Amino acid sequence: MQLVTIDDIRAAAARTRDDVLRTPLIPAAWAGKLWLKPENLQAIGAFKVRGAFNAIAQLDSQVRTRGVVAYSSGNHAQAVAYAAAQHGVSAHIVMPEETPGLKVDATRAYGADVVLCAAGQREAVAAEVVERTGAVLVPPFDHPDIIAGQGTAGLEIAEDLPDVEHVFIPVSGGGLASGVGTAVKALCPNATVYGVEPELAGDTAEGLRRGHRVDWSIADRNRTIADGLRSQPSDLTFAHLQRVLDHTVTVSEDQIRSAVRDLALRAHLVSEPSGAVALAGYRSVAPVGWAVAVVSGGNIEAALLREILAG
């Protein structure tokens, strides 16, 4: 199995430079020697645009004319819909019925054809859409182009804070942590890289302890408020995670809610629960030295944000 390299990530950065926001590092002195990487500031409110633009940009022009298909609980859906629209490509997006309405509506707003499906059926339904339309699948994490695109965030971290000592990254399907971890390990080899998951969806942490992927039921993973972290790594992303993660951290639902609240009230950043787990993980570990926590997304429904802020 060939893993993504720093050269792949550098090529992705050059390829997507005009399409992706280079997010800054924001100091969070209220939390310690911490910097936040606010990927919630991307055009669709999450880091997923990085991988989507890189993957679509690499499709042959004749392939692009057939359109693209994606399956996602929300942020990858919006990213592919947005990137496809920017490239003038049709997009068909398969989303689980339990996806927050905010994310479904936003995906449709980019012009995509949204197909809702039952829990656990999105990959099968996406395959049916590919068969019916002849479009090409752009997976949420299980592809080198996606991993390399997400890794551009890690390239920016290393360039902006070369002396970083700790990097905290949310983990779900593992594309972001695979890419960011690869970049950080290549450019800041002394940095410690942490993958952070909800306790209620901690399959990667268990898998890395056991030395192989483990399967958690959809019902178990759907218990977490962090709806963007309910996927499981693929063979490809798990191999990357084994190579680049030094530690995994699992955080409680209360810790996630507290992190969302503090990002809003103290950092003035709107974060969805999935985007706040890295801050929760940082607080759980409380490392010594300069750290970066990736705020991976900010697509949260207003009612849920009000509830969390109310405490």
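Thresholds applied
Residues numbered from 1 in each chain as written. Predicted model: local features only at pLDDT ≥ 70, side-chain atom pairs only at ≥ 80, totals over all residues. Heavy atoms only, no water. Helix = DSSP H or I, 4+ residues; strand = E, 2+ residues; numbered from the N terminus. Rg over C-alpha atoms; globule rule 2.2 N^0.38 Å. Buried < 20%, exposed > 50% of the residue type's maximum accessible area, 1.4 Å probe, protein only. Pairing = 2+ DSSP bridges. Contact = heavy atoms within 4.5 Å. Axes fitted to C-alpha atoms, helices over the stretch in contact; angles between N-to-C directions. Phe/Tyr/Trp six-rings, centres within 6.5 Å; stacked < 30°, edge-to-face > 60°. Parallel < 35°, antiparallel > 145°, perpendicular 65-115°, else oblique. Nonpolar A, V, L, I, M, F, W, Y, C, P; charged D, E, K, R; others polar. UniProt positions renumbered as here; feature names shortened; annotations may be inferred. Domains from an automatic or database assignment. Salt bridge = Lys/Arg side-chain N within 4 Å of Asp/Glu carboxyl O. Polar contact = N/O pair within 3.5 Å; in protein donor to acceptor, adjacent residues only side chain to side chain. Core = buried A, V, L, I, M, F, W, Y, C linked by side-chain atoms within 4.5 Å.

(A) Up close: the overall build of the protein. Counting secondary structure elements, the protein contains 14 helices and 10 strands. Relative to a compact globule of 311 residues, whose C-alpha radius of gyration would be 19 Å, the protein shows 18 Å and is just as compact. Its C-alpha atoms give the protein principal-axis dimensions of about 55 × 45 × 40 Å. In the protein, which comprises 311 residues, the share counted as buried stands at 59%.

(B) Structural context of the sheet that holds strand β4 (residues 91–96). One open sheet holds the 4 strands; their spatial order is β5-β4-β3-β6, and the pairing between them is parallel. A strand with exactly one partner marks an edge of an open sheet, and here the two such strands are β5 (113–117) and β6 (136–137). Pairing of strand β3 (residues 68–71) with β4 involves 4 bridges; the strand directions are parallel. Counterpart to Val69 in the pairing with β4 is His92. Lying on the sheet, helix α4 (residues 75–86) is in contact with β3 and β4; it crosses β4 at an angle near 170°.

(C) The arrangement of the environment of Ala14 in detail. Mapped onto the elements of the fold, Ala14 is located in helix α1 (residues 6–16). Expressed as a C-alpha distance, the spacing of Ala14 and Glu206, which sit 192 residues apart in the sequence, is 36 Å.

(D) Spatial organisation of the packing of aromatic side chains. Scanning all chains against the criterion turns up 5 aromatic pairs. Ring centres of Trp35 and Trp290 lie 6.2 Å apart, and the angle between their planes is 45°; this geometry places the pair in the tilted category. With Trp35 in strand β2 (residues 34–38) and Trp290 in the loop between α13 (273–285) and β10 (291–295), this pair connects stretches of sequence that are 255 residues apart. The exposure class assigned to Trp35 is partly exposed, which follows from its relative accessible area of 22%. With relative accessibility at 35%, the residue Trp290 sits in the partly exposed group. With centroids separated by 5.7 Å and ring planes inclined at 85°, the aromatic side chains of Phe53 and Tyr82 adopt a geometry described as edge-to-face. Of this pair, Phe53 sits in helix α2 (residues 49–57) while Tyr82 sits in helix α4; the two residues are 29 residues apart in sequence, bridging distant segments of the chain.

(E) Spotlight on the packing of helix α12 (residues 253–265) against α13. Packing of α12 against α13 brings their axes to within 8 Å, and their N-to-C directions diverge by 100°. As the angle between them shows, α12 and α13 are arranged roughly perpendicular. Along the contact surface, α12 presents Gln255, Ile256, Ser258, Ala259, Val260, Asp262 and Leu263, while α13 presents Pro273, Ala276, Val277, Leu279, Ala280, Arg283 and Ser284. For the contact of α12 with α13, a count of residues per class yields 9 nonpolar, 3 polar and 2 charged.

(F) Main features of the UniProt feature "domain: Tryptophan synthase beta chain-like PALP" (unreviewed entry) in the protein. The positions UniProt marks with the feature "domain: Tryptophan synthase beta chain-like PALP" (unreviewed entry) are residues 19–282. Between the end C-alpha atoms of residues 19–282 there is a gap of 30 Å, over a span that is 46% helix and 16% strand.

(G) Summary view of the domain arrangement of the protein. Structurally, the protein comprises domain 1 (6–44 + 143–310) and domain 2 (50–137). On a C-alpha basis, the centroid separation for the pair domain 1 and domain 2 is 23 Å. Across the contact, 30 residues belong to domain 1 and 23 residues belong to domain 2. Counting the contacts that link domain 1 with domain 2 gives 4 salt bridges. For the salt bridge of Arg50 with Glu39, the shortest nitrogen-to-oxygen distance reads 2.7 Å. Along the contact surface separating domain 1 from domain 2 lie 15 residue pairs in polar contact (both at pLDDT 80 or more). Mapped by element, the contributors of at least two residues to the side of domain 1 that touches domain 2 are α1 and α7 (144–160). By residue number, the principal contributor to the side of domain 1 that touches domain 2 is α7, which donates 8 residues.

(H) View of the pattern of salt bridges. Counted by the stated rule, this structure contains 13 salt bridges. Between Glu272 and Lys103 there is a salt bridge whose closest N-O contact spans 2.8 Å. Here Lys103 lies in helix α5 (residues 101–109) and Glu272 lies in the loop between α12 and α13, a separation of 169 residues in the sequence. Judged by its relative accessible area of 0%, Lys103 falls in the buried class. One network of salt bridges, in which partners are shared, links Lys37, Glu39, Arg50 and Glu156.

(I) Molecular detail of the nonpolar core. Ranked by internal contacts, the top residues of the largest apolar core, which has 30 residues, are Leu34, Leu36, Phe168, Val251, Leu263 and Tyr282. Taken together, the elements giving at least two residues each to this core come down to β2, β8 (192–198), β9 (247–251), α12, α13, β10 and α14 (302–310). The element best represented in this core is α13, accounting for 6 residues. Apart from the residues within four sequence positions on either side, Leu263 is in contact with Leu36, His268, Leu269, Ser271, Ala276, Leu279 and Val295. Counting residues in each nonpolar core, the second largest holds 28 residues, with Val68, Ala79, Ile93 and Ile146 among its members.

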